[in-house]
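Here is how the chains run, residue by residue.
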Amino acid sequence: MKKLALILVVLAISFGVSAQEGKNVKRSDLKGPAYKNYQVWTDNSEPLKIYSQNTVESLEGPAYKNREQWKGTPKENLVVVKTTGNERQKLTGPDYKNYGPWSKNYK
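Calculation notes
- Residues numbered from 1 in each chain as written.
- Predicted model: local features only at pLDDT ≥ 70, side-chain atom pairs only at ≥ 80, totals over all residues.
- Heavy atoms only, no water.
- Helix = DSSP H or I, 4+ residues; strand = E, 2+ residues; numbered from the N terminus.
- Buried < 20%, exposed > 50% of the residue type's maximum accessible area, 1.4 Å probe, protein only.
- Areas by Shrake-Rupley, 256 points an atom, 1.4 Å probe, with all protein chains shown as cover.
- pLDDT = per-residue confidence, 0-100.
- Contact = heavy atoms within 4.5 Å.
- Patch = residues over 30% accessible without salt bridge, like charges linked within 9 Å, V, L, I, M, F, W, Y side chains within 5 Å.
- Salt bridge = Lys/Arg side-chain N within 4 Å of Asp/Glu carboxyl O.

1. Quick look at the overall build of the protein
When its secondary structure is counted, the protein shows four helices and two strands. Starting at the N terminus, the α and β elements of the protein follow one another as α-α-β-α-β-α. In the protein, which comprises 107 residues, the share counted as buried stands at 5%. As displayed, the protein offers around 10,800 Å² of accessible surface, 57% of which is attributable to carbon and sulfur atoms.

Rendered as C-alpha coordinates:
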(Lines give C-alpha, C1' and ligand atoms only; values in the text may rest on other atoms or scores of the structure.)
Protein backbone atom coordinates (compact mmCIF):
# COMPACT_ATOMS: atom_id res chain seq x y z
CA MET A 1 0.00 0.00 0.00
CA LYS A 2 2.87 2.36 0.79
CA LYS A 3 4.44 1.60 -2.58
CA LEU A 4 1.22 2.43 -4.37
CA ALA A 5 0.88 5.73 -2.52
CA LEU A 6 4.52 6.60 -3.28
CA ILE A 7 4.05 5.81 -6.97
CA LEU A 8 0.92 7.99 -7.14
CA VAL A 9 2.73 10.90 -5.44
CA VAL A 10 5.67 10.64 -7.86
CA LEU A 11 3.30 10.52 -10.84
CA ALA A 12 1.35 13.54 -9.61
CA ILE A 13 4.55 15.55 -9.16
CA SER A 14 5.91 14.52 -12.56
CA PHE A 15 2.65 15.47 -14.32
CA GLY A 16 2.64 18.81 -12.52
CA VAL A 17 6.21 19.55 -13.56
CA SER A 18 5.72 18.52 -17.19
CA ALA A 19 2.57 20.66 -17.47
CA GLN A 20 4.52 23.82 -16.66
CA GLU A 21 5.23 25.92 -19.73
CA GLY A 22 7.15 29.16 -19.77
CA LYS A 23 5.50 32.40 -20.84
CA ASN A 24 8.47 33.49 -22.99
CA VAL A 25 8.19 30.83 -25.67
CA LYS A 26 9.56 31.49 -29.14
CA ARG A 27 7.07 31.06 -31.94
CA SER A 28 9.57 28.91 -33.83
CA ASP A 29 9.51 26.38 -30.94
CA LEU A 30 5.75 25.86 -31.16
CA LYS A 31 3.94 23.26 -33.25
CA GLY A 32 0.34 22.49 -34.09
CA PRO A 33 -2.49 24.43 -32.45
CA ALA A 34 -0.10 26.29 -30.15
CA TYR A 35 1.64 27.75 -33.24
CA LYS A 36 -1.66 28.57 -34.91
CA ASN A 37 -3.10 30.27 -31.82
CA TYR A 38 0.09 32.18 -30.92
CA GLN A 39 -0.74 35.69 -29.72
CA VAL A 40 1.76 38.08 -31.27
CA TRP A 41 0.92 40.96 -28.95
CA THR A 42 2.16 38.95 -25.94
CA ASP A 43 5.62 38.57 -27.50
CA ASN A 44 8.27 40.38 -25.44
CA SER A 45 11.24 39.83 -27.73
CA GLU A 46 13.16 42.84 -29.01
CA PRO A 47 13.00 43.57 -32.73
CA LEU A 48 16.07 42.69 -34.75
CA LYS A 49 18.15 45.40 -36.35
CA ILE A 50 18.46 44.95 -40.09
CA TYR A 51 21.40 46.45 -41.91
CA SER A 52 21.74 47.31 -45.58
CA GLN A 53 24.74 48.41 -47.61
CA ASN A 54 25.04 52.09 -48.30
CA THR A 55 26.97 51.56 -51.53
CA VAL A 56 26.64 48.81 -54.11
CA GLU A 57 29.68 47.10 -55.62
CA SER A 58 29.74 47.35 -59.38
CA LEU A 59 32.23 44.59 -60.10
CA GLU A 60 32.06 42.52 -63.25
CA GLY A 61 33.84 39.50 -64.64
CA PRO A 62 36.79 37.98 -62.76
CA ALA A 63 36.86 40.77 -60.17
CA TYR A 64 33.29 39.88 -59.10
CA LYS A 65 34.06 36.16 -59.14
CA ASN A 66 37.23 36.48 -57.09
CA ARG A 67 36.04 38.96 -54.46
CA GLU A 68 36.54 37.84 -50.88
CA GLN A 69 33.13 37.35 -49.30
CA TRP A 70 34.49 36.37 -45.89
CA LYS A 71 35.94 39.83 -45.28
CA GLY A 72 32.43 41.27 -45.10
CA THR A 73 31.30 44.84 -45.48
CA PRO A 74 32.95 47.64 -43.50
CA LYS A 75 30.70 49.06 -40.77
CA GLU A 76 30.81 52.57 -42.23
CA ASN A 77 29.02 51.26 -45.36
CA LEU A 78 26.08 49.83 -43.36
CA VAL A 79 22.80 51.63 -42.66
CA VAL A 80 20.07 50.51 -40.23
CA VAL A 81 16.79 49.79 -42.02
CA LYS A 82 13.66 51.17 -40.35
CA THR A 83 11.19 48.32 -39.80
CA THR A 84 8.59 49.96 -37.55
CA GLY A 85 6.18 52.83 -37.84
CA ASN A 86 4.03 51.42 -40.62
CA GLU A 87 0.56 52.95 -40.81
CA ARG A 88 -1.00 49.53 -41.29
CA GLN A 89 0.27 48.36 -37.89
CA LYS A 90 -2.14 50.77 -36.19
CA LEU A 91 -5.19 49.26 -37.89
CA THR A 92 -7.26 46.38 -36.53
CA GLY A 93 -10.14 44.24 -37.71
CA PRO A 94 -11.67 44.72 -41.16
CA ASP A 95 -9.66 47.90 -41.77
CA TYR A 96 -6.42 45.90 -41.48
CA LYS A 97 -7.75 43.09 -43.65
CA ASN A 98 -9.02 45.39 -46.40
CA TYR A 99 -5.99 47.69 -46.48
CA GLY A 100 -4.60 47.87 -50.01
CA PRO A 101 -3.15 50.06 -52.77
CA TRP A 102 -6.49 51.82 -53.20
CA SER A 103 -6.39 53.02 -49.57
CA LYS A 104 -6.04 56.74 -48.97
CA ASN A 105 -2.57 56.72 -47.41
CA TYR A 106 -1.05 53.65 -49.08
CA LYS A 107 2.77 53.70 -49.14
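2. A look at the confidence of the model for the protein
A residue-level look at the protein finds 86% of positions with pLDDT of 70 or above and a mean pLDDT of 78. Considering each helix and strand of the protein separately, the mean pLDDT is smallest for helix α1 (residues 2–18), with a value of 81, and largest for helix α2 (residues 33–36), with 87.

3. Some thoughts on the environment of Y96
Here Y96 lies in helix α4 (residues 94–97). Under the relative-accessibility criterion, Y96 is labelled partly exposed at 40%. With sequence-adjacent residues up to four places away left out, Y96 is seen in contact with R88 and L91.

4. Focus: the environment of S52
Along the polypeptide, S52 turns up in strand β1 (residues 50–53). On a C-alpha basis, the gap between S52 and T73 in space is 9.9 Å, while along the polypeptide they are 21 residues apart. Discounting residues that sit within four places of it in the chain, S52 has contacts with N77, L78, V79 and V81.

5. Topic: a nonpolar patch on the surface
A contiguous nonpolar surface patch, about 690 Å² in accessible area, is contributed by M1, L4, I7, L8, L11 and F15. Relative to the helices and strands, L11 is located in helix α1.

6. Some thoughts on the environment of K75
Within the element layout of this structure, K75 appears in the loop between α3 (62–65) and β2 (78–81). Counting along the chain gives 21 residues from K75 to N54, while the straight-line C-alpha distance between them is 9.9 Å.

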